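Single-letter residue listing:
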Amino acid sequence: MVFHGTLSVMSPDLAKGLILVIEDERAISDLLRLYLTREGFGVQVESDGLAGLRAARTLHPIAIICDVGLPSMDGTEICRQLRAEGNWTPVLFCTARDDEVDRVVGLELGADDYITKPFSPREVAARVKAVVRRAAHAASATGPLTLGDVSLDPVTRRVSVAGAQIQLTATEFDLLEHLMANQGKVLSREQLLSEVWGYAAIVGTRTVDVHVAQVRAKLGDHSPIRTVRGVGYSAELEP
Ligand code: CA
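Calculation notes
Residues numbered from 1 in each chain as written. Predicted model: local features only at pLDDT ≥ 70, side-chain atom pairs only at ≥ 80, totals over all residues. Heavy atoms only, no water. Phe/Tyr/Trp six-rings, centres within 6.5 Å; stacked < 30°, edge-to-face > 60°. Helix = DSSP H or I, 4+ residues; strand = E, 2+ residues; numbered from the N terminus. Buried < 20%, exposed > 50% of the residue type's maximum accessible area, 1.4 Å probe, protein only. Lys NZ or Arg CZ within 6 Å of the ring centre and 35° of its normal. Core = buried A, V, L, I, M, F, W, Y, C linked by side-chain atoms within 4.5 Å. Contact = heavy atoms within 4.5 Å. Pairing = 2+ DSSP bridges. Axes fitted to C-alpha atoms, helices over the stretch in contact; angles between N-to-C directions. Disulfide = S-S within 2.5 Å.

**Here we look at the packing of aromatic side chains**
Here comes step 1: Throughout the structure, instances matching the rule amount to one aromatic pair.
Here comes step 2: With centroids separated by 6.5 Å and ring planes inclined at 75 degrees, the aromatic side chains of Y35 and F119 adopt a geometry described as edge-to-face. In this pair, Y35 sits in helix α1 (residues 26–38) while F119 sits in the loop between β5 (113–116) and α5 (121–140), placing the two residues 84 residues apart along the sequence. For the pair Y35 and F119, one class covers both residues: buried.
Here comes step 3: Across from the ring centre of W88, 5.5 Å away, lies the NZ or CZ of R157, which sits over that ring.

As structure tokens, then:
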């Protein structure tokens, strides 16, 4: 492990919680530390994949910013292992290249978002706050939601369709949960962006359509998601 990993600068105000940064490029981790500390978060930096995984398990950070290419363990593998252990700490990938973005998104690792290097302080802060807010919302959710053949448990983050469990990515889960929690209500794309993604200004409404299509494909004939033309989407049973 690189020595600077153990010398974390903790913000005096830890009320906002600890962010774990797993990044082997010192210049990038220093920048992230600076931006996040300024926003009032505590920051722990690890520069090695395995050390990062250990820190994720033991420090209980509120979010993880993770590089893709890392010594000893790839960032995608860290995320995969955490999810396999039932650890749903939000993971925000920090990627250098477009092919890494494709890998992160395509693997359906349960990553919550990604930022592309080089990034701006504003962008990092907005993304981190959004994933933290979404995670807090998920944690405060109440009991399981059921609509027709679809059941969703906000605590275990499991979804089943006609009794069979299916796998959704974190974003697909949040989207379905939000629609089911607002059963019968028509939600516009803009509303879904700001309430599910939390940063309407950064991604376009097309993102909503893409994710709705993915959720529908996984739920098949049991999907309760209806398109309301010219408005948005709602979750309800056929009248
Ligand atoms: Ca790297």
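Moving on from the coordinates now.
**Quick word on the nonpolar core**
For soluble globular proteins, nonpolar side chains are generally found buried alongside one another.
Here comes step 1: By size, the foremost hydrophobic cluster in this structure holds 24 residues, and its most contacted members are V159, L175, L176, L179 and L192.
Here comes step 2: Mapped onto this core, the elements with two or more residues apiece are β7 (150–153), β8 (158–161), α6 (170–181), α7 (189–197), α8 (206–219) and β12 (232–235).
Here comes step 3: Top contributing element to this core by residue count: α6, with five residues.
Here comes step 4: With sequence-adjacent residues up to four places away left out, L192 is seen in contact with L175, H178, L179, L187, W197, V208 and Y233.
Here comes step 5: Core analysis: the next-biggest nonpolar cluster, separate from the first, contains 18 residues, V21, L36, F41 and V131 among them.

**Considering the sheet that holds strand β1 (residues 18–22)**
Here comes step 1: Strand order in the open sheet formed by five strands is β2-β1-β3-β4-β5, with parallel pairing between adjacent strands. At either end of the open sheet lies a strand with only one pairing partner, and these are β2 (42–46) and β5. Adjacent strand axes in the sheet meet at a mean angle of 20 degrees when their direction is disregarded.
Here comes step 2: Where β1 lies against β2, five bridges are found, and the strand directions are parallel. Bridged to L18 within β2 is G42.
Here comes step 3: Set on the sheet, α1 makes contact with β1, β2, β3 (63–67) and β4 (91–95); between it and β2 the angle comes to about 170 degrees.

**What about the state of the cysteines?**
Here comes step 1: Evaluation of the coordinates by the stated rule reveals zero disulfides.
Here comes step 2: Just so you know, C66 is unpaired, no disulfide at all, and the nearest cysteine sulfur is the one on C79, 7.4 Å from it.
Here comes step 3: We classify C79 as buried; its relative accessible area is 1%.

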